[in-house]
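Examining the three-dimensional arrangement
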Amino acid sequence: MSSLISLSVAELQAQLRAREVSPVEALQALQARIAAVDGTIHGYLAHDDAAALEAARHADVSLPLGGVPIAIKDVINVRGQQCTCASKILEGFISPYDATVITRLKAAGAIPFGRTNMDEFAMGSSTENSAYGPTRNPWDPARIPGGSSGGSAAVVAADEAFAALGSDTGGSIRQPAALCGCVGLKPSYGRVSRFGLVAFASSLDQIGPFSKNVRDSALLLNAVAGRDPLDSTSLEEPVPDYTALLGRDLKGVRLGMPKEYFVGGTDPQVDQAVRKAIAHYESLGAEIVEISLPHTEHAVGVYYIIATAEASANLARFDGVRYGHRTAEAENIIEHYRRTRAEGFGPEVKRRIILGTYVLSSGYYDAYYLRAQKVRALIRQDFTRAFEQVDAIICPTSPEPAFKLGDRSDDPLRMYLADIFTIAVNLAGVCGVSLPCGFAQVEGKPLPVGLQLIGKPFREAELLQIAHAYEQSTEWHKKRPAMTRQTAAETADFDN
Ligand code: GLN
């Protein structure tokens, strides 16, 4: 049973269909794994074992994801399960309905299993902003798993989940995937419905998969993508089979290296692994072209104006009147709001609400919010121009490998820079994927390095094809953290 948990979704499906293993056995193997390692990792906030077991008993393994348990970030509503967004303000809140991605996963036969830890309301890059304690990186539990979807990344990397869903507003899928050594895909804006995703920044948020390999991300995207009448920002664009192009070669594919992303400041081991990956692409037949994304330096600043402005409006609904935490004592309604929010929100969420309220306030709106929107248009234009020359953009996902818990906690600006390579992708609305491309050796331990590929809007099929070609000609995605290694191939040779 021990190797069952290390299967990919596609491998598990094959075994389920061949009746070599049952959905109940697969689930129980996962539960045993969680019992063994999640005390260390703390990737899950909750898991509804009884409901999942019931679903497994009735699973139809002939469906595309029939009988496959999928871990869900605690920001996506699953009917009957808690949804806290890792915040005290939503402690005890039980979702009254399914998010559209959950309805679709269920229709594909999957079993939403477990609520993964995250930075409170998806604000952060380390999962240390969870009100329920941090998640730890399976490669080194003294280190952070990235964030905000750190729980989803960690449970996939530690074989506590076959795959997971997360959300990405400025890097929250790709950055933790990079730091935990798994695949993480942020689809194009409008590709996946956000109905039932608790909103952080509505012009940036997307839901996407975490998986052990590229094919599994394609399988999950197949299940969840497409227009949803319940989310007016989801587009009519047809949904192709995202596995259809996997296996094609890279002849004629042009990859752009943005010169602004290779200017120093990146950890030397990360830089080296990414450059080797680029050389590897060249050896596979891709043409590497230097490109420019001239407004890159403004991306982080623009993001922290737009994302906080939208968050300040979205989080106004948590007022203790309709749901969630309610202060015990208040003399009047204003005091009720004040106390409820003061007690319920953590420090980073408060910081964002205050910042967002400030940039939207009269007298400052033009100077900050309006100007940020204009620069956002320029950033989007950078990508449009780049994609006239190349099929995809290649660069690091994170400027450094996983850092130690507590290392950035008192320096929000340094924390914000963790997303320097991922944020512009959300501002432009294009798609991006992170995949393993090597290791940094830090204090005697291998720490995963992620390669980011950025694709044209709604061209996830091509993006995944390009990612898959690299993955299948390298061994990086097969490496496992010491706590999960079983075979010699998983252990051997972490040198780049
Ligand atoms: N780390 C970024 C932030 O703190 C992005 C978070 C996200 O993508 N949800 O806002």
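Residues numbered from 1 in each chain as written. Predicted model: local features only at pLDDT ≥ 70, side-chain atom pairs only at ≥ 80, totals over all residues. Heavy atoms only, no water.

A short note on the overall build of the protein chain
Assigned secondary structure in the protein chain consists of 16 helices and 11 strands. For the protein chain, whose C-alpha radius of gyration is 21 Å, the value lies close to the compact-globule estimate of 23 Å for 496 residues. Residues counted as buried form 60% of the 496 residues belonging to the protein chain. Put simply, 76% of the contacts in the protein chain that link residues at least 6 apart link residues at least 24 apart. (Helix = DSSP H or I, 4+ residues; strand = E, 2+ residues; numbered from the N terminus. Rg over C-alpha atoms; globule rule 2.2 N^0.38 Å. Buried < 20%, exposed > 50% of the residue type's maximum accessible area, 1.4 Å probe, protein only. Contact = heavy atoms within 4.5 Å.)

Side note on the side chain of Ser148
Relative to the helices and strands, Ser148 resides in the loop between strand S3 (111-116) and helix H5 (150-157). Exposure remark for Ser148: the relative accessible area of 0% places this residue in the buried category. Among the polar contacts made by the side chain of Ser148, one reaches the main-chain carbonyl oxygen of Ala122 at a distance of 3.5 Å. Beyond its immediate chain neighbours, meaning those up to four positions away, Ser148 contacts Lys73, Asn117, Met118, Asp119, Ala122, Met123, Gly124, Thr127 and Ser172. (Polar contact = N/O pair within 3.5 Å; in protein donor to acceptor, adjacent residues only side chain to side chain.)

Quick look at the side chain of Gln452
Within the fold, Gln452 resides in strand S11 (residues 445-455). For Gln452, a relative accessible area of 0% translates into the label buried. Other than its neighbours up to four places away in sequence, Gln452 contacts Arg174, Ile393, Ile394, Cys395, Pro396, Thr397, Phe421, Thr422, Val425, Val433 and Ser434.

Things to note about the site of the ligand
Every one of the 15 residues lining the ligand counts as a neighbour, but Thr169, Gly170, Ser172, Tyr303 and Asp419 are closest to it. Interatomic distance of 2.7 Å between a side-chain N/O atom of Arg352 and an oxygen atom of the ligand. Against a free-state accessible area of 290 Å², the protein chains account for coverage of 100% of the ligand. (Near = heavy atom within 4 Å. Areas by Shrake-Rupley, 256 points an atom, 1.4 Å probe, with all protein chains shown as cover.)

What about the pairing of strand S6 (residues 206-211)?
For S6, the buried fraction is high: six of the six residues fall into the buried class. Across six bridges, the pairing between strand S4 (residues 163-168) and S6 is antiparallel. Bridge pairing in S6 places Ala163 opposite Ser211. Judged from the two bridges that link them, strand S5 (residues 183-186) and S6 form a sheet pairing that is antiparallel. Paired with Gly184 across the bridge in S6 is Phe210. (Pairing = 2+ DSSP bridges.)

Observations concerning the packing of aromatic side chains
Counted according to the given criterion, the structure contains 18 aromatic pairs. Taking the centre distance of 5.3 Å and the plane angle of 45 degrees together, the rings of Tyr365 and Tyr369 count as tilted. Of the residues examined, Tyr365 reaches a relative accessible area of 32% and is grouped as partly exposed. Centre to centre, the rings of Phe383 and Phe387 are 6.4 Å apart; their planes meet at 40 degrees, and the pair counts as tilted. (Phe/Tyr/Trp six-rings, centres within 6.5 Å; stacked < 30°, edge-to-face > 60°.)

Describing the nonpolar core
Core analysis: the largest hydrophobic core is formed by 153 residues, its most contacted members being Ile76, Leu105, Phe121, Tyr281 and Phe383. With 10 residues, the single largest contributor to this core is helix H9 (residues 299-314). Look past the residues within four positions of Phe121 in its chain and what remains in contact with it is Cys85, Ser87, Ile89, Leu90, Val198, Phe200, Leu315, Phe318, Phe345 and Val349. Judged by nonpolar contacts, the second largest core, of six residues, contains Ile144, Leu179, Phe403 and Met415. (Core = buried A, V, L, I, M, F, W, Y, C linked by side-chain atoms within 4.5 Å.)

Section: helix H1 (residues 9-17)
Burial in H1 covers these residues: Val9, Leu12, Gln13 and Leu16. What you see down the axis of H1 is that its buried residues fit within an arc of 100 degrees, all on one side. Contacts made by the buried residues of H1 are with helix H2 (23-41), strand S2 (69-73), S4 and helix H7 (214-224). The positive-phi residue at the C-terminal boundary of H1 is Arg19, with phi of around 60 degrees. (Arc of directions from axis to C-beta.)

Comments concerning the pattern of salt bridges
Tallied over the full model, the rule gives 23 salt bridges. Here Arg352 ties to Glu348 by a salt bridge, and the two come within 2.6 Å at their closest N and O atoms. Of this pair, Arg352 and Glu348 both sit in helix H11 (residues 347-360), four residues apart, roughly one helical turn. Look at Arg352 and you get buried, because its relative accessible area is 3%. Since its relative accessible area comes to 8%, Glu348 is described here as buried. (Salt bridge = Lys/Arg side-chain N within 4 Å of Asp/Glu carboxyl O.)

Focus on helix H8 (residues 268-283)
Taking 1.5 Å as the rise per residue, H8 with 16 residues should run 22 Å; its terminal C-alpha atoms sit 22 Å apart, in good agreement. Every buried residue of H8 is listed here: Val270, Ala273, Val274, Ala277, Ile278 and Tyr281. Each buried residue of H8 sits inside an arc of 140 degrees when the element is viewed along its axis, so together they form one side. The outward face of H8, more than 90 degrees from its buried face, is lined by the exposed residues Pro268 and Ser283. (Expected span 1.5 Å × (residues − 1).)

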